[in-house]
Amino acid sequence: MARKTPVAGNHSEAPSAAPLSAEQVAESYRLMLLSRLLDERVYALNRQGKAPIVASAQGHEACQIGAVWALDKTRDLFVIYYRDIATCLALGYSVSELMLGYMARRGAPFSGGRQFPYGGADLKRRVINTSNVVASQIPHAVGAALAFKMRREPSVAIVHFGDGATSEGETHESMNFAAVHKLPVIFFCENNGYAISVPLRKQLAMARISDRAAAYGFPGVTVDGTDVAATYRAVREAADRAREGGGPTLIEAVVPRLMAHTTDDDERRYRTAEELEERKRRDPLPRLRQTLLDGGLLTADGDSAMRRQCIAEIDQAMAAAESTPYPDESTFYDHVYAPQAKK
Amino acid sequence: MARKTPVAGNHSEAPSAAPLSAEQVAESYRLMLLSRLLDERVYALNRQGKAPIVASAQGHEACQIGAVWALDKTRDLFVIYYRDIATCLALGYSVSELMLGYMARRGAPFSGGRQFPYGGADLKRRVINTSNVVASQIPHAVGAALAFKMRREPSVAIVHFGDGATSEGETHESMNFAAVHKLPVIFFCENNGYAISVPLRKQLAMARISDRAAAYGFPGVTVDGTDVAATYRAVREAADRAREGGGPTLIEAVVPRLMAHTTDDDERRYRTAEELEERKRRDPLPRLRQTLLDGGLLTADGDSAMRRQCIAEIDQAMAAAESTPYPDESTFYDHVYAPQAKK
Amino acid sequence: MPVKTVIEAVREAMREEMRRDDRVFLMGEDVGQRGGVFLASQGFIEEFGEERVLDTPLAEAAIVGVAAGAAMVGMRPIAEIQFTDFIWPIVNQLVGEVARARYGSNGALSVPLVVRSPYGGGVHGGLYHSQSCEGFFYHTPGLQVVCPATPYDAKGLLKSAIRNDNPVLFLEHKRTYRHVKGEVPDGDYTVPIGKADVKRAGTRLSLFTYGLMLHYALEAAAEVAADGIDTEVVDLRTVRPLDSETILASVRKTSRALIVHEDNLTGGVGAEVAAIISEHAFDALDAPVTRLCGPDVPAMPFAPNLEAMFMLNKDKIAAAIRKLAAY
Amino acid sequence: MPVKTVIEAVREAMREEMRRDDRVFLMGEDVGQRGGVFLASQGFIEEFGEERVLDTPLAEAAIVGVAAGAAMVGMRPIAEIQFTDFIWPIVNQLVGEVARARYGSNGALSVPLVVRSPYGGGVHGGLYHSQSCEGFFYHTPGLQVVCPATPYDAKGLLKSAIRNDNPVLFLEHKRTYRHVKGEVPDGDYTVPIGKADVKRAGTRLSLFTYGLMLHYALEAAAEVAADGIDTEVVDLRTVRPLDSETILASVRKTSRALIVHEDNLTGGVGAEVAAIISEHAFDALDAPVTRLCGPDVPAMPFAPNLEAMFMLNKDKIAAAIRKLAAY
Ligand SMILES: Cc1ncc(C[n+]2csc(CCOP(=O)(O)OP(=O)(O)O)c2C)c(N)n1
Ligand SMILES: Cc1ncc(C[n+]2csc(CCOP(=O)(O)OP(=O)(O)O)c2C)c(N)n1
Ligand SMILES: [Mg+2]
Ligand SMILES: [Mg+2]
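(A) Layout of empty space enclosed by the protein. Scanning the entire structure with this criterion turns up nine cavities of 30 Å³ or more. In this model, the largest cavity occupies a volume close to 220 Å³. Lining the largest cavity we find 19 residues, and of these Ser132, Asp263, Asn264 and Pro298 of chain C together with Arg100 of chain D sit closest to its centre. Put simply, the parts of the chain that give the lining of the largest cavity at least two residues each are strand 13 (257-264) of chain C together with helix 4 (91-104) of chain D. Looking at side-chain class alone, the lining of the largest cavity contains 10 nonpolar, six polar and three charged residues. Here the second largest cavity is characterised by a volume of approximately 150 Å³. Along its surface, the second largest cavity is lined by 15 residues, and Arg100 of chain C together with Ser132, Asp263, Asn264 and Pro298 of chain D are the ones closest to its centre. Broken down by secondary-structure element, the contributors of at least two residues to the lining of the second largest cavity are helix 4 (91-104) of chain C together with strand 13 (257-264) of chain D. At three residues, the largest contribution of residues to the lining of the second largest cavity is made by strand 13 of chain D. In terms of residue class, the lining of the second largest cavity is built from seven nonpolar, five polar and three charged.

Structural data, given as structure tokens:
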């Protein structure tokens, strides 16, 4: 079951799609800032040789946080992908837990250090991300939604993926299946305009990914993924419809990719200097900060304090992770098969 | 190179999309009748244990013939599927050749008796159908179109498939690829409303398969697949566009399936008696006969004579096939690898 | 005991399990209204309803991927792939995802999924309705691959597969469906996955096989027995995990091993059986470990004479037994 | 002769072949503007243009299926699958269609397609950037599967693959890309597919391997030589078709066989090598045919200590050599 955190918001008790409260907006900012600072830190760790691979969420944070607000952590299912750092923070994972993942330490969430960070599963907290094979998680979300429907559970499955993932055959098969069976699933595309180096125009011949929904007969919407509230509203509407038996929705959250694909990537090979400069204007973090400052929900001092607090949290998580051992070697052969079967 | 037959019509000499001539319409009727009678005969052969498997084209003939009229057998590529009997007759295959395929005899077209009828390839006559794995031929047509584009050849690839095939991931990946690269390919869906027993409403959640094209950004059209001329026009328009660099088109030809899926199928398990009765009203053959009779292009006597001629052709083909041996057993190990490579 | 065919045994196992546990459901192409192209689920949609007997769209990767997702959240799906020739689109889900999900989540995920698929030749199926696939899949850690030969084993093994928390690829030889009959209890019983079964005890040599070939091997063993060659016939039943204990015990007794399967020779299950024997029973061997398998051509041709060249039969097996016994 | 890395050798082979034959072109994810994630095609889009260096949509089945279609009408595509971990979606096209196309069309179709894919572990790639796949694909008649270990072989074999009328799966071990250097002529030469290569002659035992493990095996052989164990190291290079002549000749000379590969033990290439030896060199054997392979767990874990448990190395191989020599 999902842990109680300030972010939780038990939506089953508040079924009407109320707009985000001022507290929720402020908390969104804190999560976004924490995600950003964590992201920057693990990038630095990578350069020091302490985190072999890091995929950044910079630019994606607002849509990830908005989507979590719209769902119910106690009963919905979150089928995430490797870029969902802010999603995990919003779901209540602590920085300390996530840091274990980056450094492949014992007790790391999802895989105990067997997979890249964010790969694996944590069923107790309703998170699944079997692998980092693009699009392969999409049918799993549809299957979970099928189970919810068969069991008459009021749960919704959301599945996150990138723009590139929409080209895969399994994406198509899954969306079509969900459409035919009117399943409670939300296809959540974090469109950052690139699949590693491949720009959208080489990925598909249309401007909008949400137009694909018309090919399946369910609604498709495009939202500004740098806007927490807009994303929240779109996902909330889709979730309400799904819970009422209205079937799937495809949501395209348009975001900038503020960093290279991963720490392994050198994006100067395929993005111009102007483009690298231009994208900064679409950064959701300063935008939300300004909104809060303008609305009197944040002061410059409060911001600095919050930043210091986040950094302290990250420092502590790092120290804790570094003193945590790698997985126990005696577990190497565990979990190849479930117990009742012979190896 | 395509053989010269009355059906050929060298479209490269007649590039304007003229309507079908009276002779072409009359020839369409002959082909349709021949296809129907051949189909009925091999069904009977199957019941006698002489043809292990038969997939019928009954109901699909008009759209298959119309599509061939619209293309150029000397330079276009025909990527067919197992139900394309009338397509093959229109392409100039003789009944004798096709009969060898049903009976798996030496010299059978496409596979020399190694595959089910219509599986394999005949590059000289520009026909490919590697297998009867649904949708697996679709990327091949796209790849051929890519080659045509790279080599600046004015050729078009058409690929035939059924309504069920549209659910496969490879169909999606192929259509998307063709869209991005604006390839000269025509996706020709013979929609008979069923994939074996699975009706369209369990296959996709929309009414029209042609609507899928919107998800790729190229045109999609639905035509009455029982109308030779309508199908001809739609394919001709798509071919002209493709040749001019306008990219792919999805054409949905709506047809009735007048027989069970194959000789192995018992359709009474899933179709009502009324439905089985109703579909006969959509049979393209009596419809075209009536048009010809009404237009004075055919007389009742002429029709009977034509029918007798077709039957004679089929009788002769059957006798010839029965006296043709099975493939030479010494060829069993041939063509596993191309010559230069060690086995 | 009542006598049933393999297809009846499969149907009975599924029906009993669906009655016993409402988490069990069936999905695949044509499994509903039509009852499956081989009628494995005949009458199911009437008994269990459309929700538990799903006619899916024509999309194999989704059939397995969606079933897997349902299994991850507690269901126990049976996914039918209509013919093994069409199983290749599921490899990413079955091999890439499902078989690794438990290991990759450090034990958090279970994927109690059964993928059933009719396979094999000798049915005039040609290149694309005759294939075997076990030689491809048995290499996958995390997966169990089961190939029953008799109605009794089919029912008991399928029940074990359904109740099992591991993903299972359950391969049913098409030619056994209606041609192989045997005694099958009406009630509940299971046959353990991972256990081979000595179907005929013998002393002169050990013949290892599974699926349809078991029956031809038993015929061949009966024939050569007339010449005093006493063949032990071991039905592997599960090809992953292989039951090396039973395999090695048999070879230690007979000192000679012949492996027979319909699937292509190179890299097939027989390669691993031979490797296990030659590594772990080396001292016991009196003769080369020998394989008699499908030839290394891409698939079974449609023409009956070429199909016969591909298929093994009693005579080919008897000849191989005689040759090995005479070594 | 100039010294180059494996990735340089691969790049050079492709570049020379693309200059030599304009039917040759490259397609895959990120192969264009970025020059590939490993920079195998660095500078290609500048030299050959967007039409011959295609950045494809993220869809592996289409990459191979579309390339196959182009090959059927006379092109000679090289399709890159970015990591072998993502190769599973192509199985329907490569195993189901391409490998059978020539046989299934009675020789009418050629599919001169090369699928290149970086594979293997020891690179902190975790479960989904460390996989091997040759244990699956080498079972497929109609396909050639090549696993070069040295820069020289990589260049010469890739040229053979590109010029070859058969479909070839060309597997490049990621860890060799920049770590393995060797002499490579600047000009044109080929290395034949289907021929193993004795990389170290020896008399006491035969060690069969390929890919990265060749280098660890050579180190181990050098180490045990100090104790008087003279190991013959045979680089298989092509795992389908296997060069049984060279394999058997070596075993007939040394009487002992050790097979080493990184891919999972069960059903891997080593199974077939062991089966070939135990069937055809039985009389020559003085000891059990032994395998030292990747453990039967679903893939290489990310944590460095667990990764090290999965990977073989010089010490593990030397220990296995000593044990077999002492049998
Ligand atoms: C099936 C598969 N193919 C290729 C890769 C290698 N790869 C990893 S991420 C990626 C790009 C994904 O792009 P997108 O879906 O847009 O997500 P983003 O990373 O941009 O958020 C690729 C090609 C993979 N992981 N899985
Ligand atoms: C990949 C694959 N899955 C399943 C099958 C078995 N099968 C053969 S035809 C068919 C139905 C095809 O329906 P559709 O595409 O509508 O074509 P139709 O036969 O109706 O013309 C099925 C499921 C197959 N041949 N290939
Ligand atoms: Mg992206
Ligand atoms: Mg149909």
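What follows picks up the thread again.
(B) Layout of the site of ligand 2. In the vicinity of ligand 2, 21 residues are found, and the nearest of them are Tyr81, Tyr82, Arg83 and Gly164 of chain B together with Glu60 of chain C. Here a nitrogen atom of ligand 2 and a backbone polar atom of Val134 of chain B are 2.9 Å apart. Between ligand 2 and Glu60 of chain C there is a distance of 2.5 Å, counted from a nitrogen atom to a side-chain nitrogen or oxygen. Within the complex, the protein chains bury 97% of what would otherwise be the 580 Å² of accessible surface of ligand 2.

(C) Structural detail: the coordination of the magnesium ion (ligand 4). Residues and elements named next belong to chain B. Coordination of the magnesium ion (ligand 4) by the protein involves Asp163 (OD), Asn192 (OD1) and Tyr194 (O), with metal-donor separations of 2.0 to 2.1 Å. Motif for the magnesium ion (ligand 4), donor spacing along one chain: D-x28-N-x1-Y. Residue Asp163 is found in the loop between strand 4 (157-162) and helix 6 (169-180), and its partner Tyr194 is found in strand 6 (residues 194-195); the two are separated by 31 residues along the sequence. Relative accessible area serves as the criterion here: at 1%, Asp163 is assigned to the buried category.

(D) Representation of the coordination of the magnesium ion (ligand 3). Residues and elements named next belong to chain A. Protein coordination at the magnesium ion (ligand 3) comes from Asp163 (OD), Asn192 (OD1) and Tyr194 (O), with a distance range of 2.0 to 2.1 Å. Mapped onto the sequence, the residues coordinating the magnesium ion (ligand 3) show the spacing D-x28-N-x1-Y. Residue classification places Tyr194 among the buried residues on the basis of a relative accessible area of 11%.

The rules behind these values
Residues numbered from 1 in each chain as written. Chains lettered and ligands numbered in written order. Predicted model: local features only at pLDDT ≥ 70, side-chain atom pairs only at ≥ 80, totals over all residues. Heavy atoms only, no water. 1 Å grid on protein atoms, 1.4 Å probe; cavity = no way out; pocket = protein on both sides within 12 Å on 5 of 7 lines; lining within 4 Å. Points joined across faces, edges and corners; volume = space filled by probe spheres on them. Helix = DSSP H or I, 4+ residues; strand = E, 2+ residues; numbered from the N terminus. Nonpolar A, V, L, I, M, F, W, Y, C, P; charged D, E, K, R; others polar. Near = heavy atom within 4 Å. Polar contact = N/O pair within 3.5 Å; in protein donor to acceptor, adjacent residues only side chain to side chain. Areas by Shrake-Rupley, 256 points an atom, 1.4 Å probe, with all protein chains shown as cover. Donors = N, O, S within 2.8 Å, 3.2 Å for Na, K, Ca; no water. Buried < 20%, exposed > 50% of the residue type's maximum accessible area, 1.4 Å probe, protein only.

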